[in-house]
Amino acid sequence: MIRLSNVHKSFGSHEVLKGVDLKVQEGEKLVIIGPSGSGKSTTVRCMNGLEMPTSGHVFINNEELTKKNRIQLVRNTSSMVFQQFNLYPHLTVMGNLTLAPVKLFGKSRKEAQELARHYLAVVGLEEKAYAYPATLSGGQQQRVAIARALCSQTKIILFDEPTSALDPETVQEVLNVMIKLADENITMVIVTHEMGFAREVADRVIFMDDGMILEEGTPEHFFVSPNHERTKQFLGKILH
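Residues numbered from 1 in each chain as written. Predicted model: local features only at pLDDT ≥ 70, side-chain atom pairs only at ≥ 80, totals over all residues. Heavy atoms only, no water.

Enquirer: Can you walk me through the sheet that holds strand E5 (residues 63-64) in this structure?
Expert: What holds strands together in a sheet is hydrogen bonding between their backbones, with the strands either parallel or antiparallel. With respect to topology, 4 strands assemble into an open sheet ordered E2-E1-E4-E5, the strand pairing being antiparallel. Two strands in the sheet have a free side with no partner beyond their single neighbour: strand E2 (14-24) and E5. In this structure, strand E1 (residues 2-11) lies alongside E2, joined through 8 bridges in antiparallel fashion. Within E2, the residue paired with phenylalanine 11 across the bridge is histidine 14. Along the sheet, helix H1 (residues 40-47) contacts E1, E2 and strand E4 (55-60); its crossing angle with E2, the most-contacted strand, is approximately 60°. (Pairing = 2+ DSSP bridges. Helix = DSSP H or I, 4+ residues; strand = E, 2+ residues; numbered from the N terminus. Contact = heavy atoms within 4.5 Å. Axes fitted to C-alpha atoms, helices over the stretch in contact; angles between N-to-C directions.)

So this is what it looks like as structure tokens:
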């Protein structure tokens, strides 16, 4: 579904990605871990055209992502859940969820509302359909953001540290929704620091540091016997 080939990304003189090669299969749950500043978020942002590589190539569904086609290609194939929930504060939850299906995908208001109700039930927030984002907790807002991504009905959902802005009490409610989603045939790429979640949900884990992928493998490999010294060091700090 997604392929990155020798992707480099610089911001001015600062090189953030240094030749990333990565393939994500259809339906795969890929978790990207690593220290802050390692290039994890930039990698995910290159997957949906929010950042264009300085050099290298990104393919979605075997089609190369270019400046010309990125809006249409990304819109048709992937949705994103951000650290900050990015909900429209002036719209109700229902308004946030029906906006894209109506404006971008040509659904009738009735169809869009049915879709929204279905996915609000999936994230356990049916009763909040006509609430405004400001009245919701952080965890509830992030669950609405996940429902909004689901309303686009794309094959790929990208998650960029979806729990990092939440207080510890609400982290688990968002992770529970994502664990539930992992049973669906959706391709998920998740940048996270939640190692328990990575262990439970990932088909494959990637460890990044200093703009490069240093190691990849199954959760069992990662959490039992990682090979790379830097991976061991990182996991040693956060698992104990």
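Enquirer: Looking at this structure, I do not really get the pairing of strand E7 (residues 156-160). What am I missing?
Expert: On a regular strand, each side chain points to the face opposite its neighbour's, so the side chains alternate between the two faces of the sheet. Where burial is concerned, most of E7 is hidden: 5 out of the 5 residues are buried. Where burial is concerned, the two faces of E7 agree: the one with Ile156, Leu158 and Asp160 and the one with Ile157 and Phe159 are both buried. Direction of pairing for strand E6 (residues 78-81) relative to E7: parallel, over a ladder of 4 bridges. Bridging across to E7, serine 78 finds its partner in isoleucine 156. Bridge count between E7 and strand E8 (residues 187-191): 5 bridges; the pairing is parallel. In the strand pairing of E8, isoleucine 157 is matched with methionine 188. One crossover worth recording links E7 to the parallel E8 by way of helix H6 (residues 168-181), and it is right-handed. (Buried < 20%, exposed > 50% of the residue type's maximum accessible area, 1.4 Å probe, protein only. Right-handed = clockwise from strand over helix to strand, strands pointing away.)

Enquirer: Would you mind showing me how to read helix H2 (residues 70-77) here?
Expert: Residues that lie three or four places apart on an α-helix share one face, since the helix turns once every 3.6 residues. Within the sequence span of H2, burial applies to Leu73, Val74 and Thr77. Summarising the axial view, the buried residues of H2 lie within an arc of 95°, below the 170-degree limit, and thus occupy one face. Considering only its buried residues, H2 is in contact with E4, E5, E6 and E7. (Arc of directions from axis to C-beta.)

Enquirer: Could you clarify how one ought to interpret the pattern of salt bridges in this entry?
Expert: Note on pairing: side chains with opposite charge can pair once their charged atoms come close. This model, assessed by the stated rule, comprises 9 salt bridges. Ionic pairing is found between lysine 9 and glutamate 51, a salt bridge with its closest N-O pair at 3.8 Å. Here glutamate 51 lies in the loop between H1 and E4 and lysine 9 lies in strand E1, a separation of 42 residues in the sequence. An identical accessibility class is assigned to lysine 9 and glutamate 51; each is buried. Put simply, arginine 230 and aspartate 209 hold a salt bridge, and the shortest N to O gap is 2.7 Å. With arginine 230 in helix H9 (residues 229-239) and aspartate 209 in strand E9 (residues 204-209), this pair connects stretches of sequence that are 21 residues apart. The partly exposed category is assigned to arginine 230, whose relative accessible area is 22%. Among the ionic contacts, a cluster of salt bridges with common partners joins Lys9, Arg45 and Glu51. (Salt bridge = Lys/Arg side-chain N within 4 Å of Asp/Glu carboxyl O.)

Enquirer: Sorry if this is basic, but what is going on with the packing of helix H5 (residues 138-151) against H6 here?
Expert: Working note: a packed helix pair is described by the angle between its axes plus the distance between those axes. At a closest axis distance of 8 Å, the pairing of H5 and H6 adopts a crossing angle of 20°. The angle between H5 and H6 falls in the class roughly parallel. Seen from above, H5 lies across H6 with right-handed handedness. Contact residues: H5 offers Gly139, Gln140, Gln142, Arg143, Ile146 and Leu150, while H6 offers Thr170, Glu173, Val174, Val177, Met178 and Leu181. (Parallel < 35°, antiparallel > 145°, perpendicular 65-115°, else oblique. Left-handed = near helix turned anticlockwise from the far one by under 90°.)

Enquirer: What is the right way to look at the packing of aromatic side chains in this model?
Expert: Both the distance between ring centres and the angle between the ring planes are used here to describe each pair of aromatic rings. For the coordinates displayed, the defined rule picks out 1 aromatic pair. Aromatic pair phenylalanine 207 and phenylalanine 234: ring centres 5.2 Å apart, planes at 45°, arrangement tilted. Residue phenylalanine 207 is found in strand E9, and its partner phenylalanine 234 is found in helix H9; the two are separated by 27 residues along the sequence. We classify phenylalanine 234 as buried; its relative accessible area is 7%. For the cation-ring pair, arginine 3 lies above phenylalanine 59, with the distance from its terminal atom to the ring centre recorded as 4.2 Å. (Phe/Tyr/Trp six-rings, centres within 6.5 Å; stacked < 30°, edge-to-face > 60°. Lys NZ or Arg CZ within 6 Å of the ring centre and 35° of its normal.)

Enquirer: I'm lost on the nonpolar core in this one. Help?
Expert: One finds Ile33, Leu97, Leu120, Ile146, Leu150 and Phe159 to be the most contacted residues of the largest nonpolar core, which totals 49 residues. Looking at this core, the element that brings in the most residues is H5, giving 7 residues. With residues up to four places along the chain from it excluded, the contact list for leucine 97 reads Ala116, Leu120, Val144, Ala147, Arg148 and Cys151. (Core = buried A, V, L, I, M, F, W, Y, C linked by side-chain atoms within 4.5 Å.)

Enquirer: When you look at the side chain of arginine 204 in this model, what are you seeing that I'm missing?
Expert: Turning to its location among the elements, arginine 204 is positioned in strand E9. On the basis of relative accessible area, arginine 204 is assigned to the buried category, the value being 16%. At a separation of 2.6 Å, a polar atom in the side chain of arginine 204 contacts the side chain of glutamate 216. Discounting chain neighbours no more than four positions away, the residues touching arginine 204 are Leu22, Lys23, Val24, Glu28, Lys29, Leu30, Val31, Glu216 and Gly217. (Polar contact = N/O pair within 3.5 Å; in protein donor to acceptor, adjacent residues only side chain to side chain.)

Shape descriptors only; they carry no functional weight alone.
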